[in-house]
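Spelled out from the first residue to the last, the chains are:
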Amino acid sequence: MKQRVITGVVGIIIFFIVVYCLPVEGIIGVFSLLCGIASYEAIHINSEMGKNKLYLAISALMGAMIPVTVVHLGFETMLIMAAVYTAVMVIFAFSKKIKFNLGRVLESYIGVFGVTTLLSSVMKILILAEEGMVVVLLPFAMAWCTDIMAQQFGIHFGKHKLCPKISPKKTVEGSVGGILGGVLGVFLVSLLFKEISIPTMTLVLMGAFGSVIAQIGDLSMSLLKRLNGVKDFSNLFPGHGGVLDRFDSVMLAAPFVELVLRSLGIM
(Lines give C-alpha, C1' and ligand atoms only; values in the text may rest on other atoms or scores of the structure.)
Protein backbone atom coordinates (compact mmCIF):
# COMPACT_ATOMS: atom_id res chain seq x y z
CA MET A 1 0.00 0.00 0.00
CA LYS A 2 2.84 2.41 0.91
CA GLN A 3 4.48 1.81 -2.47
CA ARG A 4 1.16 2.37 -4.24
CA VAL A 5 0.63 5.70 -2.44
CA ILE A 6 4.17 6.90 -3.19
CA THR A 7 3.80 6.01 -6.87
CA GLY A 8 0.44 7.80 -6.98
CA VAL A 9 1.83 10.99 -5.44
CA VAL A 10 4.82 11.02 -7.80
CA GLY A 11 2.46 10.41 -10.73
CA ILE A 12 0.24 13.35 -9.77
CA ILE A 13 3.28 15.65 -9.51
CA ILE A 14 4.51 14.57 -12.95
CA PHE A 15 0.99 15.02 -14.37
CA PHE A 16 0.81 18.64 -13.20
CA ILE A 17 4.31 19.35 -14.50
CA VAL A 18 3.30 18.03 -17.94
CA VAL A 19 0.00 19.94 -17.97
CA TYR A 20 1.18 23.29 -16.64
CA CYS A 21 4.87 23.53 -17.56
CA LEU A 22 5.46 21.92 -20.95
CA PRO A 23 4.86 23.57 -24.35
CA VAL A 24 2.52 21.89 -26.85
CA GLU A 25 5.24 19.89 -28.58
CA GLY A 26 6.49 18.70 -25.19
CA ILE A 27 2.99 17.50 -24.30
CA ILE A 28 2.75 15.64 -27.61
CA GLY A 29 6.14 14.07 -26.88
CA VAL A 30 5.00 12.82 -23.47
CA PHE A 31 1.83 11.32 -24.94
CA SER A 32 3.85 9.72 -27.73
CA LEU A 33 5.97 8.02 -25.08
CA LEU A 34 2.90 6.86 -23.13
CA CYS A 35 1.18 5.58 -26.27
CA GLY A 36 4.32 3.73 -27.37
CA ILE A 37 4.50 2.02 -23.98
CA ALA A 38 0.77 1.24 -24.08
CA SER A 39 1.13 -0.43 -27.49
CA TYR A 40 4.12 -2.40 -26.25
CA GLU A 41 2.16 -3.57 -23.19
CA ALA A 42 -0.88 -4.64 -25.23
CA ILE A 43 1.26 -6.77 -27.57
CA HIS A 44 3.76 -7.98 -24.98
CA ILE A 45 1.19 -9.75 -22.79
CA ASN A 46 0.41 -12.13 -25.66
CA SER A 47 2.70 -15.14 -25.31
CA GLU A 48 3.08 -15.61 -29.08
CA MET A 49 3.54 -12.00 -30.21
CA GLY A 50 5.38 -10.90 -27.08
CA LYS A 51 8.38 -13.15 -27.71
CA ASN A 52 9.25 -11.40 -30.99
CA LYS A 53 11.27 -8.30 -30.06
CA LEU A 54 11.24 -6.83 -33.57
CA TYR A 55 7.44 -7.01 -33.78
CA LEU A 56 7.20 -5.45 -30.32
CA ALA A 57 9.51 -2.62 -31.36
CA ILE A 58 7.58 -1.92 -34.58
CA SER A 59 4.27 -1.97 -32.69
CA ALA A 60 5.58 0.40 -30.01
CA LEU A 61 6.97 2.78 -32.65
CA MET A 62 3.68 2.82 -34.56
CA GLY A 63 1.76 3.44 -31.34
CA ALA A 64 4.08 6.30 -30.42
CA MET A 65 3.34 7.97 -33.75
CA ILE A 66 -0.42 8.17 -33.11
CA PRO A 67 -0.45 11.41 -31.00
CA VAL A 68 1.63 13.20 -33.65
CA THR A 69 -0.69 11.86 -36.34
CA VAL A 70 -3.81 12.96 -34.45
CA VAL A 71 -2.56 16.54 -33.97
CA HIS A 72 -0.54 17.24 -37.11
CA LEU A 73 -1.12 14.70 -39.86
CA GLY A 74 -4.79 13.68 -39.87
CA PHE A 75 -6.97 10.66 -40.58
CA GLU A 76 -5.50 9.95 -44.04
CA THR A 77 -2.08 9.37 -42.49
CA MET A 78 -3.68 7.06 -39.92
CA LEU A 79 -5.08 4.94 -42.77
CA ILE A 80 -1.65 4.75 -44.38
CA MET A 81 -0.14 3.67 -41.07
CA ALA A 82 -2.81 0.98 -40.71
CA ALA A 83 -1.99 -0.31 -44.20
CA VAL A 84 1.74 -0.38 -43.39
CA TYR A 85 1.09 -2.22 -40.12
CA THR A 86 -1.10 -4.74 -41.92
CA ALA A 87 1.76 -5.36 -44.34
CA VAL A 88 4.09 -5.87 -41.36
CA MET A 89 1.75 -8.50 -39.94
CA VAL A 90 1.53 -10.26 -43.31
CA ILE A 91 5.36 -10.37 -43.55
CA PHE A 92 5.70 -11.81 -40.04
CA ALA A 93 2.95 -14.33 -40.76
CA PHE A 94 4.40 -15.57 -44.09
CA SER A 95 7.91 -15.74 -42.66
CA LYS A 96 6.42 -17.86 -39.85
CA LYS A 97 7.94 -15.61 -37.20
CA ILE A 98 4.52 -15.26 -35.52
CA LYS A 99 1.54 -17.59 -35.73
CA PHE A 100 -1.33 -15.15 -36.17
CA ASN A 101 -4.99 -15.91 -35.55
CA LEU A 102 -7.98 -13.57 -35.49
CA GLY A 103 -7.51 -12.79 -31.80
CA ARG A 104 -3.86 -11.78 -32.25
CA VAL A 105 -4.65 -9.64 -35.28
CA LEU A 106 -7.40 -7.83 -33.37
CA GLU A 107 -5.17 -7.42 -30.31
CA SER A 108 -2.47 -5.90 -32.51
CA TYR A 109 -4.84 -3.34 -34.05
CA ILE A 110 -6.35 -2.52 -30.66
CA GLY A 111 -2.92 -2.11 -29.09
CA VAL A 112 -1.42 0.05 -31.82
CA PHE A 113 -4.41 2.08 -33.02
CA GLY A 114 -7.28 1.61 -30.56
CA VAL A 115 -5.94 2.43 -27.12
CA THR A 116 -3.54 5.08 -28.47
CA THR A 117 -6.24 6.98 -30.35
CA LEU A 118 -8.48 6.90 -27.27
CA LEU A 119 -5.67 8.09 -24.97
CA SER A 120 -4.89 10.90 -27.42
CA SER A 121 -8.23 12.46 -26.51
CA VAL A 122 -6.63 13.61 -23.24
CA MET A 123 -3.99 15.44 -25.26
CA LYS A 124 -6.59 16.96 -27.61
CA ILE A 125 -8.63 18.28 -24.66
CA LEU A 126 -5.50 19.80 -23.13
CA ILE A 127 -4.34 21.46 -26.34
CA LEU A 128 -7.57 22.36 -28.14
CA ALA A 129 -10.25 23.04 -25.50
CA GLU A 130 -10.96 26.44 -23.98
CA GLU A 131 -9.27 26.45 -20.56
CA GLY A 132 -7.76 23.12 -21.61
CA MET A 133 -5.41 23.01 -18.62
CA VAL A 134 -8.48 22.92 -16.37
CA VAL A 135 -11.06 20.88 -18.26
CA VAL A 136 -8.45 18.15 -18.90
CA LEU A 137 -8.86 17.31 -15.21
CA LEU A 138 -12.47 16.21 -15.81
CA PRO A 139 -11.82 12.76 -17.33
CA PHE A 140 -9.17 12.00 -14.70
CA ALA A 141 -11.36 13.09 -11.77
CA MET A 142 -14.31 11.22 -13.25
CA ALA A 143 -12.40 8.00 -13.86
CA TRP A 144 -10.33 7.91 -10.68
CA CYS A 145 -13.20 8.91 -8.37
CA THR A 146 -15.19 6.15 -10.07
CA ASP A 147 -12.42 3.66 -9.26
CA ILE A 148 -12.12 4.77 -5.63
CA MET A 149 -15.85 4.83 -4.90
CA ALA A 150 -16.48 1.56 -6.74
CA GLN A 151 -13.78 -0.12 -4.66
CA GLN A 152 -15.11 1.25 -1.36
CA PHE A 153 -18.76 0.48 -2.14
CA GLY A 154 -17.73 -3.00 -3.27
CA ILE A 155 -15.81 -3.65 -0.05
CA HIS A 156 -18.55 -2.41 2.28
CA PHE A 157 -21.77 -3.19 0.39
CA GLY A 158 -20.86 -5.56 -2.43
CA LYS A 159 -23.01 -8.71 -2.64
CA HIS A 160 -23.89 -9.20 -6.30
CA LYS A 161 -21.13 -9.97 -8.80
CA LEU A 162 -21.00 -7.69 -11.84
CA CYS A 163 -18.91 -9.67 -14.35
CA PRO A 164 -17.39 -12.61 -12.44
CA LYS A 165 -15.79 -14.20 -15.51
CA ILE A 166 -13.95 -10.99 -16.38
CA SER A 167 -13.28 -9.36 -13.00
CA PRO A 168 -14.38 -11.53 -10.06
CA LYS A 169 -14.03 -8.79 -7.41
CA LYS A 170 -16.28 -6.21 -9.11
CA THR A 171 -19.86 -5.95 -7.83
CA VAL A 172 -23.09 -4.27 -8.91
CA GLU A 173 -23.07 -2.25 -5.69
CA GLY A 174 -19.52 -1.15 -6.42
CA SER A 175 -20.54 -0.08 -9.91
CA VAL A 176 -23.36 2.07 -8.51
CA GLY A 177 -20.90 3.62 -6.07
CA GLY A 178 -18.61 4.28 -9.01
CA ILE A 179 -21.34 6.24 -10.78
CA LEU A 180 -21.76 8.40 -7.69
CA GLY A 181 -17.99 8.82 -7.66
CA GLY A 182 -17.97 9.97 -11.28
CA VAL A 183 -20.53 12.67 -10.52
CA LEU A 184 -18.63 13.69 -7.40
CA GLY A 185 -15.37 13.88 -9.35
CA VAL A 186 -16.57 16.33 -11.99
CA PHE A 187 -18.30 18.47 -9.34
CA LEU A 188 -15.09 18.70 -7.32
CA VAL A 189 -13.20 19.95 -10.35
CA SER A 190 -15.93 22.47 -11.21
CA LEU A 191 -15.95 23.75 -7.61
CA LEU A 192 -12.18 24.10 -7.46
CA PHE A 193 -11.86 25.78 -10.87
CA LYS A 194 -14.40 28.48 -11.62
CA GLU A 195 -13.15 28.62 -15.23
CA ILE A 196 -15.39 25.62 -15.94
CA SER A 197 -18.75 27.06 -16.98
CA ILE A 198 -20.65 23.84 -17.69
CA PRO A 199 -24.32 23.76 -16.55
CA THR A 200 -25.01 21.75 -13.40
CA MET A 201 -27.31 19.19 -15.04
CA THR A 202 -24.76 18.66 -17.81
CA LEU A 203 -22.10 17.98 -15.16
CA VAL A 204 -24.37 15.43 -13.45
CA LEU A 205 -25.07 13.61 -16.71
CA MET A 206 -21.42 13.83 -17.76
CA GLY A 207 -20.29 12.34 -14.46
CA ALA A 208 -22.89 9.56 -14.46
CA PHE A 209 -22.60 8.44 -18.09
CA GLY A 210 -18.85 9.04 -18.07
CA SER A 211 -18.51 6.79 -15.05
CA VAL A 212 -20.34 3.96 -16.81
CA ILE A 213 -18.09 4.40 -19.84
CA ALA A 214 -15.00 4.51 -17.63
CA GLN A 215 -16.07 1.22 -16.02
CA ILE A 216 -16.47 -0.31 -19.48
CA GLY A 217 -12.90 0.76 -20.23
CA ASP A 218 -11.73 -0.89 -17.02
CA LEU A 219 -13.60 -4.10 -17.82
CA SER A 220 -12.35 -4.20 -21.41
CA MET A 221 -8.73 -4.07 -20.27
CA SER A 222 -9.47 -6.66 -17.57
CA LEU A 223 -10.88 -8.92 -20.30
CA LEU A 224 -7.76 -8.46 -22.42
CA LYS A 225 -5.55 -9.40 -19.46
CA ARG A 226 -7.71 -12.40 -18.56
CA LEU A 227 -7.61 -13.69 -22.15
CA ASN A 228 -3.81 -13.53 -22.00
CA GLY A 229 -3.53 -14.94 -18.48
CA VAL A 230 -1.77 -11.99 -16.84
CA LYS A 231 -2.53 -9.87 -13.76
CA ASP A 232 -1.02 -6.57 -14.97
CA PHE A 233 0.11 -5.21 -18.32
CA SER A 234 3.54 -4.39 -16.84
CA ASN A 235 5.16 -3.23 -13.60
CA LEU A 236 6.14 0.22 -14.89
CA PHE A 237 4.33 1.96 -12.01
CA PRO A 238 5.07 0.06 -8.76
CA GLY A 239 1.81 -0.89 -7.08
CA HIS A 240 -0.27 0.27 -10.05
CA GLY A 241 0.87 -1.90 -12.97
CA GLY A 242 1.49 -0.44 -16.42
CA VAL A 243 0.19 2.43 -18.53
CA LEU A 244 -2.89 0.46 -19.55
CA ASP A 245 -3.56 -0.57 -15.94
CA ARG A 246 -3.38 3.02 -14.72
CA PHE A 247 -5.26 4.63 -17.62
CA ASP A 248 -7.81 1.93 -18.48
CA SER A 249 -10.74 3.98 -17.15
CA VAL A 250 -9.42 7.30 -18.49
CA MET A 251 -8.97 5.70 -21.90
CA LEU A 252 -12.74 5.73 -22.59
CA ALA A 253 -13.69 8.59 -20.26
CA ALA A 254 -11.50 11.08 -22.17
CA PRO A 255 -13.14 10.59 -25.61
CA PHE A 256 -16.55 10.90 -23.93
CA VAL A 257 -15.55 14.19 -22.28
CA GLU A 258 -14.11 15.38 -25.59
CA LEU A 259 -17.46 14.64 -27.28
CA VAL A 260 -19.37 16.57 -24.58
CA LEU A 261 -17.01 19.54 -24.82
CA ARG A 262 -17.37 19.65 -28.59
CA SER A 263 -21.16 19.53 -28.29
CA LEU A 264 -20.99 22.49 -25.88
CA GLY A 265 -18.73 24.46 -28.22
CA ILE A 266 -15.84 24.40 -25.74
CA MET A 267 -13.61 22.62 -28.27
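Rules behind the numbers
Residues numbered from 1 in each chain as written. Predicted model: local features only at pLDDT ≥ 70, side-chain atom pairs only at ≥ 80, totals over all residues. Heavy atoms only, no water. Axes fitted to C-alpha atoms, helices over the stretch in contact; angles between N-to-C directions. Helix = DSSP H or I, 4+ residues; strand = E, 2+ residues; numbered from the N terminus. Parallel < 35°, antiparallel > 145°, perpendicular 65-115°, else oblique. Left-handed = near helix turned anticlockwise from the far one by under 90°. Contact = heavy atoms within 4.5 Å. Core = buried A, V, L, I, M, F, W, Y, C linked by side-chain atoms within 4.5 Å. Buried < 20%, exposed > 50% of the residue type's maximum accessible area, 1.4 Å probe, protein only. Expected span 1.5 Å × (residues − 1). Bend = angle between axes of the 7 residues up to and from the residue. Polar contact = N/O pair within 3.5 Å; in protein donor to acceptor, adjacent residues only side chain to side chain.

Asks: Hey, could you go over the packing of helix H8 (residues 172-192) against helix H9 (residues 200-228) for me, with residue numbers and the actual values?
Replies: At their nearest, the axes of H8 and H9 sit 8 Å apart, and the two run at 135° to each other. For the element pair H8 / H9, the angle class is oblique. The two elements H8 and H9 meet at a crossing, and its hand is right-handed. In contact with Ser175, Gly178, Ile179, Gly182, Val183, Val186, Phe187 and Ser190 of H8, H9 contributes Thr200, Leu203, Val204, Met206, Gly207, Ala208, Ser211, Val212 and Gln215.

Asks: How would you summarise the nonpolar core if you had to cite specific residues and measurements?
Replies: If you look at the biggest cluster of nonpolar residues, it comprises 48 residues, and the most contacted ones within it are Leu138, Ile198, Met206 and Leu261. For this core, the element with the highest residue contribution is helix H11 (residues 248-263), accounting for eight residues. Setting aside anything within four residues of it in sequence, one finds leucine 261 in contact with Ile125, Ala129, Val135, Ile198, Ile266 and Met267. Listed in part, the 15 residues of the second largest apolar core include Met49, Met81, Val112 and Phe113.

Asks: Which residues make up helix H5 (residues 102-128), and what are the values?
Replies: Under the 1.5 Å per step criterion, the end-to-end length of H5 is 37 Å for 27 residues, consistent within 8% with the ideal 39 Å. Considering bend angle alone, the principal kink of H5 is centred on isoleucine 110 and spans about 40°. Put simply, asparagine 101 is the residue that caps the front of H5, since its side-chain oxygen is 3.2 Å from the backbone nitrogen of glycine 103.

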